[in-house]
Amino acid sequence: MIWPATVLGAGIGLAVASIPGALLGALLGQVLDRRLRLQSWADLRRRLGARQDPDLLFVLLGHLAKSEGQVVQAHVQQARAEMRRLGLDEAAQQRAIAAFARGKAAKIKVRASLRPLRRQRGAADALLRACWRMAWADGRAAARERELILLWGQWLGWSREALDALAREQAPRQSAAVREQDSYQMALRLLGVTATSDPAQIKRAYRRLLSRHHPDKVAGSGASPARVREATEKTRDLHQAYGLIRDRLGFR
């Protein structure tokens, strides 16, 4: 780990006031590193180059939040966290809220707005990180959220591998026990059942959803390839959710 502001502060201090200056510069640099969370030269470059357009950012965040049909409290809280991260004043926060609301529209046109960021790696990096944080806000980056971020990242000139690496970096850190419990609760919500539902109810809910979302049925209705991919991922999620519930409750 390298503390860039600490190194720069020490170097400048040494040049200006010898050893005492280096010590003071290093101390001030370390305060800056900690405040800005700079742990590498890449972090410093991102900070220097990250000139975000809050309106564009919050339009994207609003679209991600709405992409699964409903904006939940976790999405709203994450949007407010991004406002704090950017240090927006009250007027800027109101514009961000309005942009977030615009982003909830079924379709948004942002490709032209993203194009200039292809030349601003730091700004693009900061924007994509914020998008992944929003996708993970409810504990699970859903298929549609991933699809949107991968598309926007492609427009920004990012590779699939780099975008996947960002997704992993922004994923919430949880203990194994917490992850298991969260996964169980998400599985129950996905099937629309509760922990007190009997096995017969759970099986009916699983089969009904499987029939509705099966990719063969979707493909047969003339859906687009993207919709078929989404149905495939949904079916996989249903299989995993049912298996988790079945194992937890002990039925076959």
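Heads up: the structure comes first, above all this text.
Positions within a chain are numbered from 1, following the residues in the order the chain's sequence is written. Selection of residues for local features in this predicted model requires a pLDDT of at least 70, selection of side-chain atom pairs for listing and counting requires 80 or more, and totals for whole chains, interfaces and linings are taken over all residues. Calculation of side-chain values draws on the structure's entire complement of heavy atoms; hydrogens and water are dropped beforehand.

> I keep staring at the overall build of the chain and nothing clicks. Help me out?
When helices and strands are tallied, the chain shows 13 helices and zero strands. Across the 252 residues in the chain, those meeting the buried criterion constitute 38%. We call two residues contacting when some pair of their heavy atoms lies within 4.5 Å. Taking the contacts inside the chain whose residues are at least 6 apart along the sequence as the reference set, 71% of them involve residues at least 24 apart. Per-residue accessibility takes into account occlusion by the displayed protein chains alone, with areas from the Shrake-Rupley method and a 1.4 Å probe. Surface summary for the chain: the accessible area is close to 14,900 Å², and the carbon and sulfur share equals 53%. Only DSSP runs of H or I covering at least 4 residues are called helices, and only runs of E covering at least 2 are called strands; the numbering of each starts at the N terminus. Here's how the labels work: a residue is buried when its accessible area is under 20% of the maximum for its type, exposed when over 50%, partly exposed in between, all with a 1.4 Å probe on protein chains only.

> I'm lost on helix α9 (residues 160–170) in this one. Help?
In an α-helix, one full turn covers 3.6 residues, which means residues spaced three or four apart are oriented alike. All buried positions along α9 are accounted for by Leu163, Leu166, Ala167 and Gln170. Along α9, the residues classed as buried sweep out an arc of 105° about the axis, all on the same side. In α9, those exposed residues whose orientation departs by more than 90 degrees from the buried face are Glu161 and Arg168. Residues of α9 that are buried sit in contact with α7 (121–135) and α8 (143–155). This arc is taken over the directions from the axis of the helix to the C-beta atoms.

> Explain helix α13 (residues 225–249) to me, please; I cannot follow it from the model alone.
Given a rise of 1.5 Å per residue, 25 residues ought to cover 36 Å, and the 36 Å separating the end C-alpha atoms of α13 matches this to within 8%. For α13, the set of buried residues is Ala231, Thr235, Asp237, Leu238, Ala241, Tyr242, Gly243 and Ile245. Looking one or two residues beyond α13, the residue adopting positive phi is glycine 250, at roughly 75°. Expected helix span is computed as 1.5 Å times (number of residues minus one).

> I'm lost on the layout of surface pockets in this one. Help?
Rolled over the atoms, a probe as big as a water molecule pinpoints where empty space is left. Space inside the largest pocket adds up to approximately 1,000 Å³. For cavity detection a 1 Å grid was placed over the protein atoms alone, and a set of points counts as a cavity when a 1.4 Å probe fits there but cannot get out; an open set counts as a pocket when protein lies on both sides within 12 Å along at least five of seven lines, with lining residues being those that have an atom within 4 Å of a point. If you trace the largest pocket, you find 30 residues lining it, with Glu68, Arg140, Ala142, Leu190 and Asp237 closest to the centre. Of all the secondary-structure elements, those providing two or more residues to the lining of the largest pocket are α8, α10 (176–191), α11 (199–213) and α13. With nine residues, α13 is the single largest residue contributor to the lining of the largest pocket. All amino acids are sorted into three groups, where Ala, Val, Leu, Ile, Met, Phe, Trp, Tyr, Cys and Pro are nonpolar, Asp, Glu, Lys and Arg are charged, and the leftover types, Gly among them, are polar. Across the lining of the largest pocket, the residue classes tally to 11 nonpolar, seven polar and 12 charged. Grid points are joined across faces, edges and corners, and a volume is the space filled by probe spheres set on the points.

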